[in-house]
Each structure stands twice: as C-alpha cells, then as structure tokens.
Amino acid sequence: MRMSFVFMLLMFSNSYAVVNEFDKPVNHPPIPLLDEKGFNVLASHNPYSPKQSCAGSGCHDYEAITHAYHFEMGRDEADDNYGAKRGLPHLVSPGYYGGYTCMGGDKQRVLAKKVNTEPQNFADLGSAGWVKACMSCHTGGGWAEKDRDGIRYDEKDPADIPLYDGDYYERHTMNGEEHLMLWDWKKSGVGEADCMFCHADFSTLQLPADSGLEKSLTPRRARQAFTTEGFFRQAATGLMEYVVEKDGKNLVTVERAMQPNPGMHGQPGEGESIQPVLDEFGMPKFNWNPEAFDGSGRAVIPMLRFPGNDNCMACHRTSNSRRGFFGFGEKASATLASVSDDPSVDPAVDGVLEDDPVDDVHKGKTYTDDNGQTRDIENCNSCHSKQYFKSPFSNVDLDANHDFPKGNSDMDVRNDLDYAPNAKSCEECHINSKNPVIPSGHDTLLNAHRELWKGNGDMAGYSQDSLTRVTQTHFDIVSCQACHINGKIKSEKSQAPLQILFRYRMAENGMSTMVPYNPRVRSYWKDKNSDRVLVSTELNSVYEKGTDAEGNDFGAIVDPLSGETVGKVSARSGRHGLRFGSPEDYETFMALKSTYDNLLRMKGYANPDVAEILTESNEYIISHNTRPSPDSVQCEECHERKQSGAFSSLLSPAGIMGAANTKTIRTIPDARLVAEGNYILDLEYMKIQPNGDVTQNVEDILFTTKVDPFMTLLKNSSATEVIGKFRQIKTTDILAAAGPELGAMMSADLPSANAFYFSPNKGTPNLRSMIAVVDSNAVNTLLFPTFRGALGYVSGAEAIAQDILTTRGYGTLRSDVFYFAVRDSAKQLVESFNGASMFIKVAYKGTKTDLNSINAVVVSQDVSVVTALPASELLMIQAATDGEEGFVILKTTSPGYFMIADK
C-alpha cells in the first residue's frame with residue numbers, strides 16, 4: 001500500500017519524466033447525451049445539445065463559460081453606434097461579430113445593425129447569415145446562440161421582433177430575386193457551444209464505417225456540412241459523428257444517401273453526391289449507436305482537459321499566411337541535420353540546427369512556474385491557459401473561466417482583458433519569474449545580453465559605464481520578438497517569405513515598444529458627404545456577368561440610373577459566386593465611382609461623392625517561431641557603424657527599422673486618383689508613388705505609432721470611449737492605494753470586504769487616468785460582474801456645455817464633457833448602484849487647488865437634470881501642470897454626464 005502511494009506521488013511530482021499529464025486524454029465520467037428538450041438521444045434520435053448534456057446535470061456553468069470572448073467575439077459589446085463613434089459607421093462591434101472579419105478582403109460582408117428603418121439600410125448579413133458563414137470555425141455559443149440583447153434566438157417571440165431586426169431578418173433568394181425575410185430560428189436551431197471542438201482529441205477521431213462517406217471530413221468541415229445548409233443545432237453532432245467512446249466505438253452516424261446536390265444562392269445544384277437524408281420535417285437523420293452507451297444510456301468519452309495544438313489550429317490556421325505561424329505541433333520542433341557524409345553518424349550527436357522557419361526554440365523545453373509546477377512546452381497551453389500549471393492535486397474547476405489570457409492583440413474584442421492576465425510573455429518567463437530562465441547562467445537577462453554583446457564586439461567604442469544603460473534602453477524600447485523572430489514564411493509549400501514590418505505597441509508595463517507585425521490591408525467605399533459606407537451587397541450590385549469571345553467571365557459595370565454598361569472588370573468563380581476584380585485604368589475607376597454615386601442617389605442620398613479608402617484593418621502581431629540566439633536580428637541590421645567602428649545609437653534608414661524596409665501594399669490604376677481625392681490613403685504613413693504603387697516604410701510607421709500605438713483600424717489606443725467590465729478588488733487594497741487622507745474619506749462608503757472598479761487601459765490619456773470605484777454590497781456582488789461600463793467624452797461639446805454652465809452660474813468649463821454609462825446584461829442603462837455611492841476620478845484642466853473653488857456638475861443620462869454636487873461629495877483636487885492634466889475625485893450615486901468647472 002505504501003509503495004503504491006509513493007508511486008502515485010512520484011507520478012505527479014516534478015521529477016517524473018512525463019510532466020504533462022494534463023495533456024493526456026482522460027475518460028470523462030459517464031454522461032447521458034441529451035437533446036434540447038432534455039431527452040436522451042437514444043430515445044429521441046435528435047441531435048445532442050451541448051448545453052443540456054454538459055450543463056443540464058448541473059456540472060458546468062454553461063452560461064458563464066460561453067460568455068468568454070472566444071465565444072462572444074463582440075456580441076456582448078455590439079452597439080449600432082459603436083463604429084460611428086470611431087469613424088467607421090458600418091461596424092457594430094469591435095470583434096469579428098459585427099467588426100472586421102478574418103475573411104472578405106476589400107468586399108468583406110458587413111453585419112446588419114440591430115435597428116434598420118428600411119430594407120435599403122440592411123447590410124449584407126443578419127445574425128443567421130453570420131452563423132452560416134462563420135460557425136465552421138467559431139465554436140458556437142455567444143453570437144451563434146443569443147441576440148444582441150442576450151436573448152436566445154429560438155426563444156424570442158416572433159410577435160416582438162421589429163421589422164428588419166438584424167438579429168432576426170436575413171436575405172433570401174427566391175426565383176432569382178432577393179428578399180428580406182424573418183429567419184426561422186426555431187427550425188434551424190441555434191449554434192450552442194460545441195465543447196468537443198476544443199476538448200476532443202483530434203488524433204482519435206474516426207469516420208464511422210456506415211457513414212456513406214469515402215473519406216473523413218476535417219472537424220471544421222464536419223460542422224460546416226450542417227451550418228452552411230442552415231442546420232445550426234446539428235453542427236455539434238456533425239463533429240460528434242467522428243468522436244469515439246472509451247472502447248473506440250462511434251457514438252452516432254449521420255444517415256446519408258446519393259442525392260441531387262443542393263444549390264447556392266437560390267439556384268438549383270448540378271449532379272448528385274452523398275448527402276444527409278432528411279426526415280419528414282426536413283431535418284437530418286441521426287443513428288445513435290446503443291452499443292456505445294451503457295445500460296443507463298450514458299457514454300464514457302475520452303476528452304482533453306486543455307485543447308490540443310490541432311484543436312487550436314483548426315481555426316487559427318489563418319495564421320499561416322498572416323503571421324507565418326504554422327502551429328505548435330511536431331513541425332515546430334527543432335531538427336538537426338548531419339554534418340557528416342557517413343550515414344551511420346546520428347545527427348542528434350553530430351549535427352547542426354536546421355534553418356527551419358516553422359520551428360520554435362521553446363518547443364520541447366521545460367518551464368517551472370512560480371508555484372513550483374513544471375511542464376514541457378509542447379503546445380499552446382503553456383502560454384495561453386490560466387490553469388495549465390496548477391497542481392494536479394487541485395480540484396477540477398468545472399466552471400473554469402474560458403477567457404484565455406491575451407495581450408494587446410490585433411483585434412479589439414474585450415480590450416479590458418488586455419494583459420489581465422497576460423499570456424506568458426518573454427518578460428514573464430525570462431525576467432520577472434521567481435526563477436527566470438536565463439540559458440547563459442547570468443543572474444539577469446539584462447546582464448546576459450550585455451555580456452553577449454560585449455563578447456561579440458557589438459559594444460565596442462562605448463564606455464564601460466554606459467553598457468548597462470545601452471542594454472536597458474533596448475529592453476525598454478524594443479520587444480524581445482523584434483529581435484528573436486525573423487526569417488518567416490507565408491506558405492510551407494511555396495516557402496514564400498513574409499516581409500516583417502515594425503510598429504510601436506503598448507506593452508504590459510505601459511511603455512511603447514517596437515513589435516514585429518504584418519498589416520492586413522483592405523479598402524472600402526465611403527460617401528465623403530454622408531459618411532455612408534457601401535457594404536458588399538451594394539458593391540457587387542452594379543455588376544452583371546459577361547463572357548468574352550474566348551469564354552472568359554468578366555464583370556460589366558452597369559449604371560443603376562441609366563442601365564448602361566460603363567466599364568468592365570475581371571471576374572472569377574468563388575465559393576459565394578462570381579468575385580469581381582478592381583478597375584485596371586483611370587477611366588474604369590471613375591466610371592465605377594460614378595456608378596456608386598448614382599446608387600446612393602437612388603437610395604435618397606443628396607450629392608453623394610464616394611471615394612475608395614485604403615486602410616489597415618488589423619495589425620497581425622508576430623509572436624511565435626522564436627529562433628535561437630545566433631539566428632536573431634544582428635546589430636548591423638538596425639544600426640550603421642561609425643568611422644570608429646562602433647555602432648551608431650541611431651536607427652539606420654537602410655536597416656530593417658528604417659525607410660529602406662518598404663512594402664508595396666497596393667497598386668492602383670493611376671496616382672491621379674489620390675491627388676483628386678477619389679482614392680484616399682487612410683493612414684499617414686501610406687505614400688503614393690508616381691506609378692500607382694502605394695507604399696509604407698518602417699521609419700514612417702514608427703514615427704506615427706510612437707504617438708498613437710494603435711493595433712486596429714478602430715484605433716482604441718486613442719478612442720474617445722472605452723468600454724469594459726468591472727473588476728473586483730479587496731477594499732483594503734483600494735484604500736491603501738488611495739493613501740491615508742483619501743482612504744479615510746472613502747472608507748465609510750466602502751464597508752464591504754471587496755469593491756468593484758473600472759479602470760480604462762485604452763483611449764486618450766485623459767481617459768486612461770480615470771477610475772471608478774463602488775462598494776460590492778450584497779446586490780452589487782450579484783449584478784456587477786454582468787455589468788459593462790462605457791467611459792468617454794463628448795468631442796466638440798465644449799460650447800454647449802459652457803452655455804449650460806453660464807446659464808446656471810456654475811462657472812467656466814475646465815474639463816472635457818465626460819460620461820459614464822453602465823449597462824446590465826440586457827444592455828439596459830443602470831440608473832443607480834443599489835444604494836452605494838461611486839467614486840470617480842475625473843481629469844481636470846484647471847489650476848485651482850481648493851475644492852471650494854470648483855463645481856463638479858452632473859447631468860442625468862437623459863440630460864434632463866443638471867446639478868452641481870455638494871461640497872461634501874468632492875474629495876480631492878490636483879491642479880493641472882504644463883503638459884499634464886490634474887484630477888478631481890468626486891462621489892456620486894448615479895452614472896451620467898459630468899464635468900468640472902472653475903467657479
């Protein structure tokens with residue numbers, strides 16, 4: 001007995017050879033698979049419901065899990081005015097749901113707004129169309145399950161659906177004509193979160209022998225076979241067909257037969273193929289295998305506790321061409337090539353490291369976390385899973401938070417989670433951990449770099465006492481990735497190189513550092529007078545298919561007013577029909593512009609003047625495939641040598657951080673288009689060349705992003721509004737941070753052990769200096785985790801605000817006109833804080849130092865009530881100084897608009 005116990009301890013100890021027990025599939029306890037109504041699928045023959053099966057038993061908090069950003073992708077942040085506040089009125093959210101999608105290029109499809117007063121304002125797709133187009137990758141839950149108000153689609157009463165609601169209407173093609181019609185969510189079902197998409201061991205998936213298919217589908221395609229046909233509730237069972245229980249038996253088979261191919265876009269298909277058989281209700285048939293279940297109708301399914309590399313890359317495979325990242329599987333392992341012609345010589349003994357751009361030096365290494373737990377670095381979890389390093393003796397967290405750690409990424413979904421916590425970063429493991437990993441054996445990473453550079457002669461010509469400072473400067477300004485990731489490719493097949501550019505990004509420590517990236521270049525058409533953006537459906541509506549004498553397709557540009565053909569562009573067949581090219585000469589471009597102007601005239605817009613705007617929607621950060629130190633960027637790639645032989649401290653224009661690192665991002669028909677304002681370069685570092693090339697270089701990019709280190713077109717690093725959730729904090733920590741004097745004034749209103757606070761990490765400097773704190777009384781503790789705050793200021797409202805202040809005798813405006821809107825889980829405005837007061841730190845531009853010299857003016861959310869707070873609710877003031885705003889700390893019982901005035 002003692003020997004068995006000792007062996008068990010050794011098995012889970014850090015000295016045991018296999019440290020990644022968490023990566024091994026484990027047999028999930030026996031579980032019945034239930035359909036949406038809670039019936040066992042063996043009896044109902046229906047598709048299984050992940051929600052009922054995983055949460056119906058009370059084991060997992062399905063609602064909390066599916067509220068994570070990987071499921072929501074912007075649904076919970078969506079607002080019809082979201083994009084308008086950021087100069088992009090066609091977008092409704094910061095995430096892929098309603099923001100910039102990962103697909104579509106210059107004609108990406110746009111999500112319809114929630115409220116559409118008439119059909120012509122309905123964008124390309126409603127929510128159902130988004131599910132059809134995107135749920136092959138996205139796991140379900142979030143926007144595939146609930147509308148923008150948090151209501152499950154199939155539970156919405158059709159009588160309560162407003163006309164053209166973007167969550168419930170969809171484009172349907174009938175007899176060649178397109179109509180806006182209600183989507184039948186009760187028939188299609190919703191896309192519940194497919195737990196197995198992440199937690200199935202893909203290496204064990206197998207096609208049932210009686211499936212009727214000749215070869216297996218990928219997990220994505222298995223789901224997509226249903227979603228693209230509008231069978232959303234069946235998607236999870238589409239993947240489950242390949243999942244086997246503990247004895248290797250398939251759980252279910254989709255019934256199939258040879259049938260006519262379904263058509264697309266309302267058109268009949270051609271030929272026959274193996275297709276799912278539909279029942280009398282038009283639903284796919286499923287044959288559940290009783291032998292895969294026990295006598296109680298339960299199955300034991302092997303599952304991964306943490307998603308494997310293949311699970312992650314099933315969706316993130318787009319990182320191949322965008323980031324030069326091909327996953328953290330076996331191909332990322334370093335390989336050794338023999339230097340000997342003798343075939344008997346083992347390369348592992350006598351070999352050199354192959355120069356393989358898909359390798360990562362971390363693959364297979366071992367890391368010990370600050371808690372003493374050790375793991376081999378074999379997959380994405382080492383950096384991106386919160387509990388991967390927890391003790392194996394800890395209880396299983398059945399409701400683990402699924403907000404994977406993320407840094408300041410190239411998409412804006414849930415910005416409040418940036419660095420909170422961060423994914424394991426270079427700095428965390430190599431500098432800030434209890435036992436930092438420093439392969440050279442030096443006591444600090446800084447000393448290791450300094451001595452390495454000294455040994456290489458890179459510091460020659462610099463004084464001894466300056467070497468540490470020079471090294472620290474690099475640590476402060478240049479990210480680790482900028483030097484240690486290079487030689488990337490876009491495709492393993494072609495080995496096409498990926499040109500790496502560099503920009504500033506806000507790091508976890510609040511400093512701007514240079515990071516490697518690859519821009520996502522797109523264009524869109526916008527009316528310069530009304531700001532109306534043309535969506536994909538409108539962009540394509542002016543084309544008609546034509547065929548030339550050689551049988552090649554082209555797109556004829558047809559003016560919607562005259563009906564005349566005014567030009568033509570290339571065309572090619574795509575998954576969603578013909579894809580039309582861009583004008584190839586000045587005349588065709590201007591004809592297309594005139595056609596779009598007329599299209600808007602027909603829709604009631606006065607004096608339209610559209611232009612094509614070229615921009616970068618996302619800045620794809622490059623963070624993987626770290627190369628060994630000898631293969632890192634060398635000093636001469638960034639700096640020139642002076643006559644003395646020493647490296648100049650300045651960046652060389654000819655280096656990778658200079659003007660010589662130039663990329664041609666687009667070629668347009670004629671440079672005149674830019675000069676005339678018909679083709680607009682959206683970013684100041686974009687330059688037009690005489691031959692029509694649009695270029696950008698790293699020197700200009702660094703100059704621009706040093707001031708505004710934006711990562712997406714939404715430019716939330718300088719936005720006038722910041723949204724996010726409240727975080728819980730110990731009251732003692734808040735009071736300690738406030739200091740003795742302020743803490744004493746706040747303590748009476750913070751009687752609970754914890755408080756909730758809202759602190760922006762994005763936006764303009766005046767917003768990033770602000771904070772709001774409220775007590776976590778019994779009611780707030782239940783509600784505030786579901787609340788979302790929006791802190792911002794009304795640009796251009798100073799004159800109106802001053803008129804109000806003058807009329808009421810409140811003084812001279814000395815702040816921006818701020819607002820703090822708090823909304824509940826149904827996105828309804830919260831009028832009060834359940835009896836608690838909220839402390840708000842407000843940016844102040846004045847020079848007063850006495851609270852009696854100012855008025856803190858609060859305006860109700862409906863702008864009907866304007867009052868000055870009593871002196872007892874003003875707690876602290878700090879005057880503005882040259883180049884830096886001051887602040888006022890006030891106390892209020894309700895959110896709304898607020899401003900500071902000097903009496």
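Everything that follows concerns the structure shown earlier in this document.
Residues numbered from 1 in each chain as written. Predicted model: local features only at pLDDT ≥ 70, side-chain atom pairs only at ≥ 80, totals over all residues. Heavy atoms only, no water.

Asks: Describe the overall build of the protein chain, listing the residues and the values that go with them.
Replies: Counting its regular elements, the protein chain contains 26 helices and 38 strands. Against the globule reference of 29 Å for 903 residues, the protein chain gives a C-alpha radius of gyration of 30 Å, in line with a compact fold. Counting only C-alpha atoms and orienting by the principal axes, one finds that the protein chain spans roughly 80 × 80 × 65 Å. A sequence separation of at least 24 residues applies to 66% of the contacts in the protein chain between residues at least 6 apart. Of the roughly 41300 Å² of accessible surface on the protein chain, a fraction of 53% belongs to carbon and sulfur atoms. Counting 88 positive and 120 negative side-chain charges, the protein chain places the centres of these two groups 2 Å from one another. (Helix = DSSP H or I, 4+ residues; strand = E, 2+ residues; numbered from the N terminus. Rg over C-alpha atoms; globule rule 2.2 N^0.38 Å. Contact = heavy atoms within 4.5 Å. Areas by Shrake-Rupley, 256 points an atom, 1.4 Å probe, with all protein chains shown as cover. Lys, Arg positive; Asp, Glu negative; His and termini not counted. Charge placed at Lys NZ, Arg CZ, Asp CG, Glu CD.)

Asks: Explain helix α15 (residues 445-455) to me, using residue names and the numbers behind them.
Replies: Buried within α15 are the following residues: Leu445, Leu446, Asn447, Ala448, His449, Arg450 and Trp453. Contacts from the buried residues of α15 go to α14 (426-432), α16 (467-477) and α17 (480-484). (Buried < 20%, exposed > 50% of the residue type's maximum accessible area, 1.4 Å probe, protein only.)

Asks: Pulling in residues and values, what's your account of the packing of aromatic side chains?
Replies: According to the stated counting rule, one finds 28 aromatic pairs in the structure shown. Each ring, one from Tyr97 and one from Trp143, has its centre 5.8 Å from the other, and the planes form 15 degrees; the classification is stacked. Here the residue Tyr97 occupies a position in the loop between α5 (69-72) and α6 (127-134), and Trp143 occupies one in the loop between α6 and β3 (169-174), the gap between them amounting to 46 residues. Trp143 shares its class with Tyr97; the two are buried. Of the aromatic side chains, those joined through ring pairs into one cluster are Phe726, Phe756, Phe758, Phe784, Phe787, Phe820 and Phe833. (Phe/Tyr/Trp six-rings, centres within 6.5 Å; stacked < 30°, edge-to-face > 60°.)

Asks: Describe unusual backbone geometry, and please don't skip the residues or the numbers.
Replies: Look at the link from Ala420 to Pro421: it is a cis peptide, with omega at -5 degrees. With respect to the secondary-structure elements, Pro421 resides in the loop between α13 (381-384) and α14. Unusually for a residue other than glycine, Met73 sits at a positive phi of about 50 degrees. Among the secondary structure elements, Met73 is positioned in the loop between α5 and α6. Even without being glycine, Asn625 reaches a positive phi, approximately 65 degrees. Checked against the element boundaries, Asn625 lands in the loop between β21 (610-621) and β22 (662-667).

Asks: Lay out the environment of Lys568 in plain terms, naming residues and giving numbers.
Replies: Summarising the element assignment, Lys568 is placed in strand β19 (residues 565-574). Lys568 gets classed as exposed once you look at its relative accessible area, which sits at 52%. Counting along the chain gives 13 residues from Lys568 to Gly581, while the straight-line C-alpha distance between them is 9.2 Å. Those residues within four positions of Lys568 in sequence are excluded, and the remaining contacts are Phe554, Gly555, Ala556, Ile557 and Thr588.

Asks: So what about the sheet that holds strand β17 (residues 543-547)? Which residues, and what values?
Replies: Strands sit in the order β17-β18-β19-β20 across an open sheet of four strands; the sheet is antiparallel. Lying at the two open borders of the sheet, with one neighbouring strand each, are β17 and β20 (577-580). Within this sheet the neighbouring strands show an average axis-to-axis angle of 45 degrees, counted without direction. Judged from the five bridges that link them, strand β18 (residues 553-558) and β19 form a sheet pairing that is antiparallel. Of the residues in β19, the one forming a bridge with Ala556 is Lys568. (Pairing = 2+ DSSP bridges. Axes fitted to C-alpha atoms, helices over the stretch in contact; angles between N-to-C directions.)

Asks: Before we move on, can you summarise the sheet that holds strand β33 (residues 838-844) with the specific residues and values?
Replies: A sheet is described by the order of its strands in space; here six strands give the open sequence β27-β28-β29-β33-β37-β36, paired in antiparallel fashion. Each edge of the open sheet is held by one strand with a lone partner, namely β27 (727-730) and β36 (874-878). With strand direction ignored, the average angle separating the axes of adjacent strands in the sheet is 25 degrees. Taken together, the four bridges between β36 and strand β37 (residues 886-892) define a ladder with antiparallel strand orientation. Counted as the bridge partner of Leu874 is Leu890 from β37. Where helix α22 (residues 731-738) meets the sheet, its contacts fall on β27, β28 (754-758) and β29 (771-775), and the angle it forms with β27 comes to roughly 75 degrees. Against the sheet, helix α23 (residues 740-747) contacts β33, β36 and β37, and its axis sits at roughly 155 degrees relative to β36.

Asks: Describe in detail the environment of Glu241, supporting the description with residues and values.
Replies: The residue Glu241 is located in the loop between α10 (235-240) and β5 (252-254) in this model. Taking the relative accessible area as the measure of exposure, Glu241 reaches 0% and is therefore buried. Linking Glu241 and Pro219, residues 22 residues apart in sequence, is a C-alpha distance of 9.8 Å. Ignoring any residue separated from it by four or fewer positions in sequence, one finds Glu241 in contact with Gln206, Pro208, Ser211, Asn250, Val252, Thr253, Val254 and Arg256. Reaching out from Glu241, the side chain makes a polar contact with the backbone nitrogen of Val254 at a distance of 3.0 Å. (Polar contact = N/O pair within 3.5 Å; in protein donor to acceptor, adjacent residues only side chain to side chain.)

Asks: Could you give an account of a nonpolar patch on the surface, with specific residues and numbers?
Replies: On the surface, Val779, Leu782 and Leu783 cluster together into a nonpolar patch covering about 270 Å² of accessible area. Considering the arrangement of structural elements, one finds Val779 in helix α25 (residues 778-783). (Patch = residues over 30% accessible without salt bridge, like charges linked within 9 Å, V, L, I, M, F, W, Y side chains within 5 Å. Salt bridge = Lys/Arg side-chain N within 4 Å of Asp/Glu carboxyl O.)

Asks: So, the pattern of salt bridges: which residues are in play, and what are the values?
Replies: Per the stated rule, a full pass over the model turns up 45 salt bridges. Notably, a salt bridge pairs Arg233 with Glu36, separated by 3.3 Å at the nearest N-O pair. Residue Arg233 is located in the loop between α9 (219-227) and α10, and its partner Glu36 is located in the loop between β2 (31-32) and α2 (41-44); the two are separated by 197 residues in the primary sequence.

Asks: Any chance you could break down helix α11 (residues 309-316) for me, citing the residues and the numbers?
Replies: Residues of α11 that are buried: Asn309, Asn311, Met313 and Ala314. Those residues of α11 hidden inside the fold are in contact with α8 (195-199), α9 and α12 (319-323).

Asks: Residues and numbers for the nonpolar core, please.
Replies: Grouped burial of nonpolar side chains is what soluble globular proteins tend to show. Ranked by size, the top nonpolar core spans 48 residues in total, and within it Trp525, Tyr543, Tyr596 and Leu614 carry the most contacts. Elements that contribute at least two residues to this core include exactly β15 (501-506), β16 (512-527), β19, α19 (586-602), β21, β23 (679-681) and α21 (698-707). When residues of this core are assigned to their parent elements, the largest contribution, six residues, is made by α19. Apart from residues no more than four positions distant in its own chain, Leu614 is found in contact with Val521, Arg522, Ser523, Ile665, Arg666, Tyr679, Ile680, Leu681, Asp682, Met686 and Val694. (Core = buried A, V, L, I, M, F, W, Y, C linked by side-chain atoms within 4.5 Å.)

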